[in-house]
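# Topology and contacts: notes
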Amino acid sequence: MTTQPKTITLTGAQLAVRLLERQGVRIVSGIPGGAILPFYDALSQSQAIRHVLARHEQGAGFIAQGMTRATGVPAVCLASSGPGATNLLTAIADAKLDSIPIVAITGQVPQSMIGTDAFQEVDTYGLTIPITKHNFMVSSAHELLEVIPRAFRLALSGRPGPVLVDIPKDVQVQSIELPADESAWPAPGVADPLPEVPAEPLAIAAEMINGAQRPLLYLGGGVVHSGASLLATALAEKASLPTVMTLMALGAMPVDHPLSLSMLGMHAARCTNLALEECDLLIAVGARFDDRATGKLSQFCPQAQIIHVDIDPSELDKLKAAHVGLNGDVGQVLKGLLPLVKPVIREEWLGRVAQLKRDFPLVMPKVEDSRSHYGLVKAVADALDDSAAIATDVGQHQMWVAQAYPLRRPRQWLTSGGLGTMGFGVPAALGAALAEPERTVVCFTGDGSLLMNIQEFATLAEEEANVKVVLMNNASLGLVYQQQTLFYGERTFASKYKGIPDFMALAKAFGLDAVDLDEAADDAGARAMLGEALNRRGPCLIHVSIDVAEKVFPMVPPGAANKEMIG
């Protein structure tokens, strides 16, 4: 009779892969290089984890982000030392600002060579301190037993965010003896228990809501991260709260809900910002009073008392003093608040908001033309149902989609908010498609943004991902061009491209299908082409030319108050 061995011998690389498997990781994205080759060698033997070969490390980081944004489950990206790690930095910083929990694993030169300016050596640990929740430099294979689960725990706990694990090459090849029974190993990382919500400020907040005449609910990305969208909507319905959303919160309440005022801030409908101007109580939930949302902070909601709910205590009173600050998980706070809030129909306030909607609606010119900026967004929405995921790059197209697409569910909307990273869209859309292959994923992009990470077209084709890239091509850096036109005396410098790539030919060269709506004889023909392309499985580029003169309106000028919108 054979007995099971009591111990096994693993290298650091093999242990790291085994720990990722135990964590439930099933897809990782990255690019190999010398300093992380032992890890890749171990990964090649995994029966549980599939590797997606990105074409740029930044793309790998955004693929991981797309997976996480779509599901809420932390995803993993990989890079080698030196330029591999530095190429990841933008994706990590983007995740930090938008509170996205990803785990980045980088290779590093052997410990004996650190600090010697060795080939492809860079201080990854030092570089990533400001842009991660936490980072680790692993000094022994045995440390990985604690570090890998802890990385996931930290990424998920409290305010989510990115964590980096830097593993020197000698640690990856070091052999250690471990219990064969993995139940003796540290448990996989999970989020820390949620903090208790203090009863006294909850009661005060409920009294303020019950006593307000013109209250307004302000939802941020934290509502999505905590899975609290239904609770937020329930609070709005119970207390008759008109509701605004940040860019990151779009979809937390269906855009066509009777209480929805959609997005606030720089490119909101005028009625939304005017309602904020008149409210006497602002209930900010999982929002951080970002400048793109508030405009000139001193003039934001000038008549309102403020209730601020956030998982991150450092956000309370950071930018706007709260009359009541509730530090806790959004979902837990809303669960505690709902029974204390009285059901009420605020007829006068709701009537006033309805009048503002009638008098100052969002105007979408040419919306019936499927080859115009707004019309294209609406035509895409008409061809799909709410199961589709919508990603964007950054620029005018991002704001047109935020204004016009009928987002109705949380995690439907994938966009770079805090960092505003051009090049985010295609790899993030790919990540979403990998995580949820049953969905159609649409990536709205501009010609400037697309060229930032167009190499990931090759990954799209290789993975046969169900991603439709809708290119709104105005041959310019559109939002830069708009601001130069409006605020810099029409001195449009370095924002208009002289050379225009043949995007159709490029897409086909990468192995993607491609359709050009410019070639349709009329609007009906364009809609037919669009519908067929969107509903055919696999990756596809959908190209449309947009007039460079089209602008995103309304717009709050930089440094102005939200009530000073133009356009």
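Our subject is the structure listed above.
Scope of this entry: the structure provided in the associated data block. (Residues numbered from 1 in each chain as written. Predicted model: local features only at pLDDT ≥ 70, side-chain atom pairs only at ≥ 80, totals over all residues. Heavy atoms only, no water.)

### Examining the packing of aromatic side chains
Scanning the model with the defined rule gives eight aromatic pairs in all. Taking the centre distance of 5.3 Å and the plane angle of 70° together, the rings of phenylalanine 62 and phenylalanine 424 count as edge-to-face. Taken together, the residues span a long stretch of sequence, with phenylalanine 62 in helix α3 (residues 57–71) and phenylalanine 424 in the loop between β16 (413–414) and α17 (425–435) at a distance of 362 residues. Measuring from ring centre to ring centre gives 6.2 Å for tyrosine 218 and phenylalanine 300, while their planes differ by 65°; the resulting arrangement is edge-to-face. Residue tyrosine 218 is found in strand β9 (residues 215–219), and its partner phenylalanine 300 is found in the loop between α12 (291–294) and β13 (305–310); the two are separated by 82 residues along the sequence. (Phe/Tyr/Trp six-rings, centres within 6.5 Å; stacked < 30°, edge-to-face > 60°. Helix = DSSP H or I, 4+ residues; strand = E, 2+ residues; numbered from the N terminus.)

### Some points on the pattern of salt bridges
Summed over the entire model, instances satisfying the criterion amount to 20 salt bridges. The partner of lysine 563 in a salt bridge is glutamate 277, and the shortest N-O contact between them spans 3.9 Å. One end of the pair, lysine 563, is in the segment after β20 (540–545); the other, glutamate 277, is in helix α11 (residues 270–278), with 286 residues separating them in the sequence. On the accessibility criterion, glutamate 277 (17% relative accessible area) is buried. One network of salt bridges, in which partners are shared, links Arg159, Asp312, Glu315 and Lys318. (Salt bridge = Lys/Arg side-chain N within 4 Å of Asp/Glu carboxyl O. Buried < 20%, exposed > 50% of the residue type's maximum accessible area, 1.4 Å probe, protein only.)

### Observations concerning the packing of helix α15 (residues 373–383) against helix α16 (residues 396–404)
Contact geometry of α15 with α16 gives a least axis separation of 9 Å together with a crossing angle of 55°. As far as their axial angle goes, α16 and α15 are oblique. For the element pair α15 and α16, the recorded crossing hand is right-handed. Counted together, His373, Tyr374, Val377 and Lys378 of α15 and Trp400, Val401, Gln403 and Ala404 of α16 form the full contact between these two elements. In terms of residue class, the contact of α15 with α16 is made up of five nonpolar, two polar and one charged. (Axes fitted to C-alpha atoms, helices over the stretch in contact; angles between N-to-C directions. Parallel < 35°, antiparallel > 145°, perpendicular 65-115°, else oblique. Left-handed = near helix turned anticlockwise from the far one by under 90°. Contact = heavy atoms within 4.5 Å. Nonpolar A, V, L, I, M, F, W, Y, C, P; charged D, E, K, R; others polar.)

### Description of α11
Listing the buried residues of α11 in full gives Cys271, Thr272, Asn273, Ala275, Leu276 and Glu277. Looking at the buried side of α11, the elements it contacts are β9, β10 (243–245), β11 (260–263), β12 (281–285) and α14 (347–359).

### Some details on α17
In an α-helix, one turn spans 3.6 residues; hence positions three or four apart end up facing the same way. Of all the eleven residues making up α17, ten are buried; the element is thus mostly covered by neighbouring parts of the structure. The complete set of buried residues in α17 reads Gly425, Val426, Pro427, Ala428, Ala429, Leu430, Gly431, Ala432, Ala433 and Leu434.

### Brief notes about the nonpolar core
The biggest cluster of nonpolar side chains holds 70 residues, and the ones touching the most others in it are Ile307, Val380, Tyr405 and Phe444. Sequence-distant contacts of valine 380, that is, excluding residues within four places in its chain, are made with Tyr405, Val442, Phe444, Val470, Leu530 and Leu534. Core analysis: the second largest hydrophobic core is formed by 48 residues, Ala54, Ala93, Leu430 and Ala507 among them. (Core = buried A, V, L, I, M, F, W, Y, C linked by side-chain atoms within 4.5 Å.)

### Brief notes about the state of the cysteines
By the definition in use, this model includes zero disulfides. No disulfide involves cysteine 540; its nearest neighbouring cysteine sulfur is the one of cysteine 443, lying 13 Å away. We classify cysteine 540 as buried; its relative accessible area is 2%. (Disulfide = S-S within 2.5 Å.)

### Here we look at the sheet that holds strand β18 (residues 467–473)
Taken in spatial order, the six strands of this open sheet run β16-β15-β17-β18-β20-β19, and their pairing is parallel. Of all strands in the sheet, those with a lone pairing partner are β16 and β19 (513–516), marking the two edges. (Pairing = 2+ DSSP bridges.)

### Notes on the environment of isoleucine 49
By the secondary structure assignment, isoleucine 49 is in the loop between α2 (37–43) and β3 (50–53). A sequence separation of 307 residues divides isoleucine 49 from leucine 356, and the C-alpha atoms of the two residues are 53 Å apart. When neighbours within four sequence positions are excluded, isoleucine 49 is seen to be in contact with Val17, Leu20, Glu21, Val25, Arg26, Ile27, Val28 and Leu43.

### Remarks on the side chain of asparagine 135
In this structure, asparagine 135 sits in strand β6 (residues 134–137). Looking at asparagine 135, its side chain comes within polar contact range of the main-chain oxygen of tyrosine 125, at 2.8 Å. Contact partners of asparagine 135, with chain neighbours within four places excluded, come to Tyr125, Thr128, Ile129 and Leu164. (Polar contact = N/O pair within 3.5 Å; in protein donor to acceptor, adjacent residues only side chain to side chain.)

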